[in-house]
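# Notes for the structure review
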Amino acid sequence: MFSGFTANDPQLAVDIDREKAQSLGLPMSEITSAMAIYLGSAYVNDFDFNNRAYRVYVQADQQYRAGPEDLKQLYARATNGAMVPLDSVVRTRETTAPQVISHFNLFRSAQVSGAAAPGVSSGEALAAMERLAATALPQGFGYAWSGISLEEIKAGGQSAAIFGIAILLVYLTLAAQYESLVLPFIVLLGVPLAVLGAFSAQWARGLQNDLYCQIGLVMLIGLAAKNAILIVEFAEQLRGKGLLVIEAAIEASRIRLRPILMTSLAFILGVMPLVFATGAGQEGRHSVGTAVAGGMFFATFLNIIFIPILYVLVRTLIPGRRDGEEVAAHA
């Protein structure tokens, strides 16, 4: 952590004796403008010389503004036209104060910048700063986030909403494809296993649930659903040929086992460069690669077992159109 704010810069404080200035007929505006012009400068106008433009500033010569004692050589005009030396109504004293006083949301502020320590996520660093500010700041002081930290805090509360919208989008797409509200539900039941695998892989490597990990979780919704689609779609086709629910689930798992393993393992091997990346930006690549690889590993080998079971349970509790026709015919 660091801050460019300093409160001990040496400065000269100027105190104006208002009562004495009033008795001398010296307006405050004359005193302040004389000090501003003599000690600082004031723009007058521009003039041209030899086809070049020059700016004109008025200012006291260096020998008349080298130190506080030079105020006795500077004068301001009173209302009666008399010239009054500034040191008769102005006193200077040495002090320390901030060089620049910044404001944030109309309050005086000091900017503090920092970065998370190695192995610590930015979210943990922000939480630590909030705890420190709540216990260490004096009464009447507060804090506010700005810049990237503010954007991160705003975006952090949107992760659950984005994840939910992604699941809803996949569900509606599958519902339109299958013309059923039940089959997409079966397919999406494999997503929690992928999320479990992603978090387990992140925990095993000591990584955090950062933005890159959350991007990987959104990707896993479609990747995990892909394996479930292969089983559910083929099971529905087998049921259309007259197989029972259990027989269709078992046969679909057996037939689609090799395509699922081939595509999933090929994808996992494809993200291995992200998992073991080195160089600039390696932390972000480690996070997204580990989340996606771990989630796909769990989804591949667990969905082969759980999706057929879930398919049988759901189809038994909520039979499809063909099952309803068979029950009616049997009755």
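Residues numbered from 1 in each chain as written. Predicted model: local features only at pLDDT ≥ 70, side-chain atom pairs only at ≥ 80, totals over all residues. Heavy atoms only, no water.

## Points about the packing of helix α9 (residues 245–255) against helix α12 (residues 282–317)
One can describe the packing of α9 onto α12 by two numbers: an axis separation of 9 Å at closest approach and a directional angle of 160 degrees. With respect to their mutual orientation, α9 and α12 come out roughly antiparallel. The handedness of the crossing between α9 and α12 comes out as right-handed. Taken together, the residues of α12 that come into contact with α9 (itself represented by V245, I246, A249 and S253) are I304, P308, Y311, V312 and R315. For the contact of α9 with α12, the class distribution of residues is seven nonpolar, one polar and one charged. (Axes fitted to C-alpha atoms, helices over the stretch in contact; angles between N-to-C directions. Helix = DSSP H or I, 4+ residues; strand = E, 2+ residues; numbered from the N terminus. Parallel < 35°, antiparallel > 145°, perpendicular 65-115°, else oblique. Left-handed = near helix turned anticlockwise from the far one by under 90°. Contact = heavy atoms within 4.5 Å. Nonpolar A, V, L, I, M, F, W, Y, C, P; charged D, E, K, R; others polar.)

## Details of the pattern of salt bridges
In the structure shown here, the tally under the stated rule is four salt bridges. The closest approach of N and O atoms between E236 and R239, which form a salt bridge, is 3.2 Å. Residue E236 and its partner R239 are both found in helix α8 (residues 211–240); the two are separated by three residues, about one turn of the helix. Notably, a salt bridge pairs E251 with R254, separated by 2.5 Å at the nearest N-O pair. With E251 and R254 both in helix α9 and three residues apart, this pair spans about one turn of that helix. (Salt bridge = Lys/Arg side-chain N within 4 Å of Asp/Glu carboxyl O.)

## So, the environment of A34
The topology assignment puts A34 in helix α2 (residues 28–40). What makes A34 buried here is its relative accessible area of 11%. Sequence separation of A34 and A76 is 42 residues, and the distance between their C-alpha atoms is 6.1 Å. The residues contacting A34, other than those within four sequence positions of it, are L39, Y75, A76 and L86. (Buried < 20%, exposed > 50% of the residue type's maximum accessible area, 1.4 Å probe, protein only.)

Purely spatial values, then, with no claim about function.
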